[in-house]
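Here's the letter readout for the chains.
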Amino acid sequence: MNTRTRSAFASLSNAIVTAVLPAAARIVTVLLTLTAGTALPTDDLCLQADILIVGGTESGCAAAVQAARMGIERIVLVNDIDWLGGQFSAEALTAIDENRGPAGYDHTVPFPRNGLFREIVDRIERLNLRKYGRARPGNTRVITTCRPSDAECVFRDLVQPYVDTGQLTIVPHHVPVAARTEGTHLRSVTFASAQAPQQRLTVTADLTIDASDWGDVIRLSGAEYEFGPDLKAKYGEPLAPEHRDGYPRTDMNPITFCMVIEETDRWQPIPPPPGYDPRCYRTHPWPKDPLALYASRRLIDHYGFPDIDHPDVILLCFPAIDYPLDVLPQHVVESLEATEPGASRKNIVQMTPAQRQIIFDDARRYSLGFLHYLQTEVHDAMPDKTHSFRRFVLSEEFGTRDRMPFKPYVRESLRLQAQYMLKQQDTTGYGGNARSFAQIMFHDAVACWQFEYDFHPTKRVFSDNGDPAGPWHCGFRKGRTWGPPYSGRCQFPLRSLIPRTLDGLLGCQKNLGFSSIVSSAVRLHDQSVAIGAAAGAVAAVSLQRDVLPRDIWADRTLLNAVWEGLCSRVGGSVPQTLWPFADLDPDHPAFEAVNLLAVRGGLPVHPGRVNFRPDEPATTDWKKEAIRRTLSVKQADPVNLPDLHRNETRGVFAQRLWQAVRDLPDHPFPRMQPDDADADGICDRDDPLPFLADDSGWADFSPAAETDGHPDPLMPQDRKEVRQFSFCGSDVPPEPGFVADHGHVFDEERGFGWQRDLTAHARWRHQADGIHRDTFLFTRSHDIWNLRVAPGHYTVSVCIGDSAFDQNGQNVTVEGKNVFQNIDTAAGEWAESTVAVQVSDGLLTVEIGRTDSTSNTCLNWLRVARQMPR
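Residues numbered from 1 in each chain as written. Predicted model: local features only at pLDDT ≥ 70, side-chain atom pairs only at ≥ 80, totals over all residues. Heavy atoms only, no water.

*Asks:* Which residues make up helix α5 (residues 148–164), and what are the values?
*Replies:* It helps to recall that an α-helix has 3.6 residues per turn; residues three or four apart then point in one direction. Here α5 contains 17 residues, and its C-alpha end-to-end distance of 24 Å stays within 8% of the 24 Å for a straight helix at 1.5 Å per residue. Largest kink in α5: about 30°, centred on Leu 158, with the proline Pro 161 one to four residues after it. Among the structural elements, α3 (58–69), α4 (115–132), β3 (168–171) and β9 (259–263) are those in contact with the buried residues of α5. Phi turns positive one or two residues past the end of α5, at Gly 166, with a value near 85°. (Helix = DSSP H or I, 4+ residues; strand = E, 2+ residues; numbered from the N terminus. Expected span 1.5 Å × (residues − 1). Bend = angle between axes of the 7 residues up to and from the residue. Contact = heavy atoms within 4.5 Å.)

Spelled out as C-alpha cells, the structure:
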C-alpha cells in the first residue's frame, strides 16, 4: 500500500485493530470495515504473499492452517463473504457428511476421523457439549451436527492463532475479477470489493490456491478446465453416458439452498415467496413422509434428549429443494439473457457472479416455497399435527434479510485439467468389492476417502407439458444417480491438484482434477478438509524447497516432506491419514509410522485386508517382508534394523522400523522415458501408476480364478449343455446368462426350486461388480435345492461367499458328494469348486449347510453342464 493510501486509513486503524495484529492484517482489516460514507482512496491496493488462498471454504481454511503450521510466514486468504467454513457454515450443511462405505457402516466411518477434520469436529462437539449438554445433540443418522453459526465460530477459532502470529491475513468481501500470468506462471489475482465495487485489491503471490466455490481463479487464469458430464469415450468410465444426447454440458450436480428452522410455540407459516407455485411441490416424489425430515437432518433433538433445554432445530436439505442447473425456468432464462445474449445456455461455472446470483435468487425462492408448502398444504393434510412444520421459523443466525444462508450448497464445480485426472475405474474397490482398498493406490497419495458415486437429481422436469414457464420438479438421468455403487477405500493423488500446464496455481475445494463421476463422490466435509490440508502442505514444500508443485509428485524426497507435514503431531495437531486402514486411529502411537511406511509401499498390504491390527503380534515373516519392501526404496541400509525375533506388536515394530529408516536417502523413482516413466505405452499424464508397468498396484494379489466369484468363460467348442443359476432376491434385475432363483419352493413347471421357502433368505450387498457374486441365498441350517434334468453325467460348479462379510463354516454337497466342507470365505472373497456327478432319478440335488450348523452358508451361483458323449 502506498503512503497516500496508508495515510487515508491511519485514523481508523487505531480505533478498529488491536496492537497485536501485524501491519498487513491491520491494513486489510481497516480496508474492509469502512462504514458507509467514508471517503475511499482511489488507488488500487496491493498485498504481497507467499501463498494466496482464494475462498474461505473448509478447504481454504484447512490449506491456510496447514501451510502456517509448516512454517509459511505470509499467507493471505481472500473470501467473498465474512463467514468462514464453507459447507459447515455459509452453506448451512451442518449435518456433517463424512466418508462412508457400503451397508454395515451405519453411524460409523470406513476409517477413523483424522487430521484437521478430526480437530474441527472435536471442537464442534466440545462446543455442543457446553451449549446443549451433549456432543451430538442431533440424534440423527448423520454422526455430528451443529448450528451454522457455531461452525463458523469453530473455523474462526481454528485460524485465529495464525492471524495472531502474523502468518495469516484474512480479507473478506472480495471477489476475484482478474488474474495476471507471466508465460505459464500465475503471478497475481485482482479482486473487487463487494462493499465498494470501484475499489480493487491485487495480491501478488508465489503460489495461489483456488478454494473458491466455482473455481474462478482457475477460469480467470486461463488454466484448462472441464465441466458437465464426461462421455464414456473420454475416460472409459462404466457409469459415463455413451452420447451427449440427453446429457447437456449444463448438467451438474444440483445446488441446494438449505434452510435451518427452529421450533416455536407459534403456528404461523412463512409468507409465500414471489412466484410461489404449489404445483412444483405437489408433483415432486419427495417427501413421502414429511416427518422423515426430522430424522434425516436434525441438528438439535429435545424430544429424543429431554435434558436438552432448547427447542428442536432441523436442517432442511432434501431432494425436494434441489435446484437443477441443466435447463432453467423461463423467468430465469429471461433475466440471464438480459445480462448477455446466450447467458442462459452457459454452464454455471462460466457465468459471472452477477449471473450466478440470478440463479441463486431463484433457488432461494424455491426452497422458501417448499417450507411454505410444508406449513400450509402438508400441514392441512396431516392427521396428527403435533410435529407440524407450521410451528417452525427460519433461524436468525445468518443475519440475512430472508434468514437464508449466504450461499447454496455447491456439490460440483469446474474440474481442473490436472497432471492426472482421477477416474471411476481408479477408485473402484479391488476386485469390484467396495469393502476393499481401491483398484489404484497412488504413489503420490495425499488424502484418503470413500463414498458412493452420488448425484442428486440433475434433471429439471417441467410438469405442464414441458412448458418452461410452468411448474417443475427434479429427476435423475441414467448413470447420474445416488449410489450404490460405492468406491473402494481410496486415496487422492497429489497430481490431481496441479494444473496440466500452468504453474503457480493449485486446485482445491471442488476445483480438482477428477471426472464428473468421481466429483460426485469427493465432495464431503471431511474430504474437502483433507484435500485442503494437502494443498497447503504441497504449497509449503514447494516454497521451502524452491521447487514447482509439479516437480513434487515424481520425487520421493519431496513427497516425503509433504507426507511428514501432513502426518504430524507438531503443535498438538492431529495427523492425517495417508493409507485408509479401517482400525488405525490417529490416537494410536503407531499411527504416523504405519501411515508413512504404507504410503511409500513399505508394508505388506493385501487389497481385501483393510485392518492393520496394530496391537496384534508381528510374525517374523511379516517383519521380513516389511523390511524388504521398505529398504527397496532406500539408498542405504540402516545401522540398526529392528530385531526380527523380538516379541512385539505390529504397531511397535512399525514404529521401530520407521525410526530406523526415516532419515535414510531415497532412491529416485526410475524413469525409462521422458513422458512415460515406466515405458508401458501410457504417458505419465494418463497413467495412474506412472512408475509401475501394471494395471494395478495389486499384481501380487490377483485372485485366482477359483476365488474371484466369476464363472470360468464358456468356450464355443465345449460339447456340453450348460445352465447357470444365480441365487438372489426378486428385487434384483435379470443378469444375462443366468436364470434367477429367488428361493421359491420347487415347482415342476419351473423345473427347479427348494424344499422349503427361502425367499426371505436372499441378500444383495451392493458391494461387488457382477450380480451373480454380489447376491446369494443363505441358510443357517440345512436346505435342499433340486433341478429337473435328464439322467446322465454332469459337472456342477458352485460358488459360495459374501461380498460384504466374512462367512465361516460353509458346506455344500451335490448328489451327496462334498463340494465344500467347513469352508471359510473372507468379506469380498469367494470359493468356487467343480464336481462331476451322475444323476439317475431325473433330479439334480444340491444341499447347503448342515443340520447342526450355527453359521451361514451363502450360495451365489451354480453352473450345471451335461457331459455329452464324444
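*Asks:* So what about the sheet that holds strand β25 (residues 782–788)? Which residues, and what values?
*Replies:* Paired through backbone hydrogen bonds, the strands of a sheet run either parallel or antiparallel to each other. The strand order β22-β25-β30-β27-β28 describes an open sheet built from five strands, whose pairing is antiparallel. Across the chains shown, the open sheet's two edge strands, defined by having one partner strand only, are β22 (752–754) and β28 (817–825). Neighbouring strand axes in the sheet, compared pairwise and without regard to direction, differ in orientation by 15° on average. Note: β25 against strand β30 (residues 843–849), seven bridges, orientation antiparallel. Across the sheet, residue Ile 784 finds its bridge partner in β30, namely Glu 847. (Pairing = 2+ DSSP bridges. Axes fitted to C-alpha atoms, helices over the stretch in contact; angles between N-to-C directions.)

*Asks:* Would you mind going over the pattern of salt bridges in detail, with residue names and values included?
*Replies:* Summed over the entire model, instances satisfying the criterion amount to 61 salt bridges. Across the pair Asp 307 and Arg 134 runs a salt bridge whose closest N-O atoms are separated by 3.3 Å. Remark: Arg 134 occurs in the loop between α4 and α5 and Asp 307 occurs in the loop between β10 (298–300) and β11 (313–316); sequence separation between them is 173 residues. The partly exposed category is assigned to Arg 134, whose relative accessible area is 29%. The residue Arg 550 makes a salt bridge to Asp 503 at a minimum N-O spacing of 2.5 Å. Linking Arg 550 in the loop between α14 (525–544) and α15 (556–566) with Asp 503 in the loop between β18 (490–493) and β19 (505–507), this pair joins segments that are 47 residues apart in sequence. Comparing Arg 550 with Asp 503, the two get one shared label, buried. When salt bridges with common partners are traced through the structure, they connect Glu 226, Asp 230, Lys 234, Asp 251, Asp 326, Glu 412, Arg 415, Arg 477 and Arg 480 into a single cluster. (Salt bridge = Lys/Arg side-chain N within 4 Å of Asp/Glu carboxyl O. Buried < 20%, exposed > 50% of the residue type's maximum accessible area, 1.4 Å probe, protein only.)

*Asks:* Could you give me a rundown of the packing of aromatic side chains, with the residues and numbers involved?
*Replies:* One pass over the full model with this rule turns up 33 aromatic pairs. Ring geometry for Trp 622 against Phe 653: centres 5.8 Å apart, planes inclined by 65°, an arrangement best described as edge-to-face. Highlighted residues: Trp 622 in helix α17 (residues 620–631) and Phe 653 in helix α18 (residues 650–661), separated in sequence by 31 residues. Judged by relative accessible area, Phe 653 falls into the buried class, the value being 0%. With centroids separated by 4.3 Å and ring planes inclined at 10°, the aromatic side chains of Phe 669 and Phe 691 adopt a geometry described as stacked. Placement of Phe 669 in the loop between α18 and β20 (720–727) and of Phe 691 in the loop between α18 and β20 is noted, with a sequence separation of 22 residues between them. For Phe 669, a relative accessible area of 13% corresponds to the buried category. A cation over a ring is seen here: Arg 750 above Phe 752, with NZ or CZ 5.4 Å from the ring centre. (Phe/Tyr/Trp six-rings, centres within 6.5 Å; stacked < 30°, edge-to-face > 60°. Lys NZ or Arg CZ within 6 Å of the ring centre and 35° of its normal.)

*Asks:* Account for the environment of Val 327, naming residues and giving values.
*Replies:* Inspection of the secondary structure assignment puts Val 327 in the loop between β12 (322–323) and α10 (330–339). Residue Val 327 is classed as partly exposed on the basis of its relative accessible area, which comes to 41%. Each C-alpha atom, one on Val 327 and one on Arg 345, is 8.1 Å from the other, the two residues being 18 residues apart in sequence.

*Asks:* Could you give an account of the sheet that holds β11, naming the residues involved and the relevant values?
*Replies:* Pairing is antiparallel across the open sheet formed by four strands, whose spatial order is β10-β11-β9-β13. The sheet is open, and its two edges are formed by β10 and β13 (392–394), each paired on a single side. Taken over all neighbouring pairs, the strand axes of this sheet differ in orientation by 30° on average, direction set aside. Pairing analysis gives two bridges linking β10 to β11, with the strands arranged antiparallel. Looking at β11, one finds that Arg 298 is bridged to Ile 314.

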